[in-house]
Amino acid sequence: MRPLRPAWVRAIIGLAPCAALGAVFAVAAGLRPDLDTLGVLAGHGVTVAFAVAACGLTVLLLRESVPGARPPVVLGLTAVIAVVAARLVTSTAVHAAHPFPVESGQELRLTLICSAAVAVFGLPWLVAAIVLFRRGFPSTVALPAVLGGVAAVIGGEAFWRLHCPYTSPAHVIGSHLPPIALFAAAWLLWKPARSRAA
């Protein structure tokens, strides 16, 4: 059997196409009207930062499937909490500088649209992570599910935010991040199914 490449190399190779696809999806959906007003840092900079963060979580995920290289559980959980917290802090900062609230009466419709869109944008990240992960020798389920779910949603949401103009932290929490639970559940279902097949 051919030896596995380092986790960071596999993550870059597997996720670079996902990032490119996310950019294509965002352009196809239509870039947010205030993107120029946001500036490079709050606009494209945040997208790049969270795409890199998703890649970092995926590196931890891939190390989970390599005996002897597994990071401490506390490191994985700390990384997840830090990335989600950073996303909320970023949303709060952008909203303070460039407020774009959700129109009254549109909350439910936009929640459904954004949750579905983030799931679609994040799906390639989830599939890539599963394909990369299954080439190793995974023994745990819960932590990889959390890492994989958060990485996929943060990666997909990084590019969906180039389309979605709403900066309210409440909108991000209620509409952009819920697919984490969906993807984590999908991961948990996939792993037992794979175990039964084996």
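An account of the accompanying structure is given in this report. Computed from a predicted structure; not experimentally measured.

### Quick word on the overall build of the chain
Consideration 1: In terms of regular secondary structure, the chain is built from seven helices and zero strands.
Consideration 2: Taken from the N to the C terminus, the helices and strands of the chain come in the order α-α-α-α-α-α-α.
Consideration 3: For 198 residues, the compact-globule formula gives about 16 Å, and the C-alpha radius of gyration of the chain, at 17 Å, lands near that figure.
Consideration 4: When the backbone C-alpha atoms are referred to their principal axes, the chain occupies close to 55 × 30 × 30 Å.
Consideration 5: Expressed as a percentage of the 198 residues in the chain, the buried residues total 47%.
Consideration 6: Accessible surface, the chain: about 9400 Å² in total, of which carbon and sulfur atoms supply 74%.
Consideration 7: In the chain, 14 side chains carry a positive charge and 6 a negative one; their mean positions are 23 Å apart.

### Side note on the packing of aromatic side chains
Consideration 1: Applying the stated rule across the entire model yields four aromatic pairs.
Consideration 2: Note on Phe100 and Tyr166: the rings are 5.4 Å apart at their centroids and 90 degrees apart in plane angle, and the pair reads as edge-to-face. You can see Phe100 sitting in the loop between helix 3 (73-97) and helix 4 (107-133) and its partner Tyr166 sitting in the loop between helix 5 (142-160) and helix 6 (169-176), a full 66 residues away along the chain.
Consideration 3: Assessed through its relative accessible area of 26%, Phe100 is described here as partly exposed.
Consideration 4: One aromatic cluster in this structure is built from Phe25, Phe121 and Trp160.

### Quick look at the nonpolar core
Consideration 1: One finds Leu57, Trp125 and Trp187 to be the most contacted residues of the largest nonpolar core, which totals 56 residues.
Consideration 2: Contributions of two or more residues to this core are made by helix 1 (7-29), helix 2 (35-63), helix 3, helix 4, helix 5 and helix 7 (179-197).
Consideration 3: If one sorts the elements of this core by residue count, helix 2 sits on top with 14 residues.
Consideration 4: The residues contacting Trp187, other than those within four sequence positions of it, are Leu61, Leu126, Ala129, Ile130, Phe133, Val141, Pro144, Ala145 and Gly148.

### A closer look at the packing of helix 3 against helix 5
When two helices pack together, their arrangement is given by the angle between the helix axes and by the axis-to-axis distance.
Consideration 1: Put simply, helix 3 and helix 5 touch, their axes get as near as 10 Å, and they point 25 degrees apart. Of the possible angle classes, the one that applies to helix 3 and helix 5 is roughly parallel. With respect to the hand of their crossing, helix 3 and helix 5 are arranged in left-handed fashion. Taken together, the residues of helix 5 that come into contact with helix 3 (itself represented by Val73, Gly76, Leu77, Val80, Val83, Val84 and Arg87) are Leu143, Val146, Leu147, Val150, Ile154 and Glu157.
Consideration 2: Residues of the contact of helix 3 with helix 5, tallied by class, amount to 10 nonpolar, one polar and two charged.

### Notes on the pattern of salt bridges
Consideration 1: All told, the structure shown has two salt bridges when counted by the stated rule.
Consideration 2: Across the pair Glu157 and Arg87 runs a salt bridge whose closest N-O atoms are separated by 2.7 Å. Of this pair, Glu157 sits in helix 5 while Arg87 sits in helix 3; the two residues are 70 residues apart in sequence, bridging distant segments of the chain.
Consideration 3: With a relative accessible area of 0%, Glu157 lands in the buried category.
Consideration 4: Note on Arg87: relative accessible area 4%, which makes it buried.

### Some remarks on helix 4
Given 3.6 residues per helical turn, the α-helix brings residues three or four places apart onto the same face.
Consideration 1: Look at helix 4: 37 Å from first C-alpha to last across 27 residues, which is about the 39 Å you get at 1.5 Å a residue.
Consideration 2: The sharpest bend along helix 4 reaches about 40 degrees and sits at Gly122, with the proline Pro124 one to four residues further on.

### Quick look at a nonpolar patch on the surface
Consideration 1: Where nonpolar side chains cluster on the molecular surface, the patch consists of Val73, Leu77 and Val146 and spans about 220 Å² of accessible area.
Consideration 2: The topology assignment puts Leu77 in helix 3.
Consideration 3: For Leu77, a relative accessible area of 39% corresponds to the partly exposed category.

So, how was this worked out
Residues numbered from 1 in each chain as written. Predicted model: local features only at pLDDT ≥ 70, side-chain atom pairs only at ≥ 80, totals over all residues. Heavy atoms only, no water. Helix = DSSP H or I, 4+ residues; strand = E, 2+ residues; numbered from the N terminus. Rg over C-alpha atoms; globule rule 2.2 N^0.38 Å. Buried < 20%, exposed > 50% of the residue type's maximum accessible area, 1.4 Å probe, protein only. Areas by Shrake-Rupley, 256 points an atom, 1.4 Å probe, with all protein chains shown as cover. Lys, Arg positive; Asp, Glu negative; His and termini not counted. Charge placed at Lys NZ, Arg CZ, Asp CG, Glu CD. Phe/Tyr/Trp six-rings, centres within 6.5 Å; stacked < 30°, edge-to-face > 60°. Core = buried A, V, L, I, M, F, W, Y, C linked by side-chain atoms within 4.5 Å. Contact = heavy atoms within 4.5 Å. Axes fitted to C-alpha atoms, helices over the stretch in contact; angles between N-to-C directions. Parallel < 35°, antiparallel > 145°, perpendicular 65-115°, else oblique. Left-handed = near helix turned anticlockwise from the far one by under 90°. Nonpolar A, V, L, I, M, F, W, Y, C, P; charged D, E, K, R; others polar. Salt bridge = Lys/Arg side-chain N within 4 Å of Asp/Glu carboxyl O. Expected span 1.5 Å × (residues − 1). Bend = angle between axes of the 7 residues up to and from the residue. Patch = residues over 30% accessible without salt bridge, like charges linked within 9 Å, V, L, I, M, F, W, Y side chains within 5 Å.

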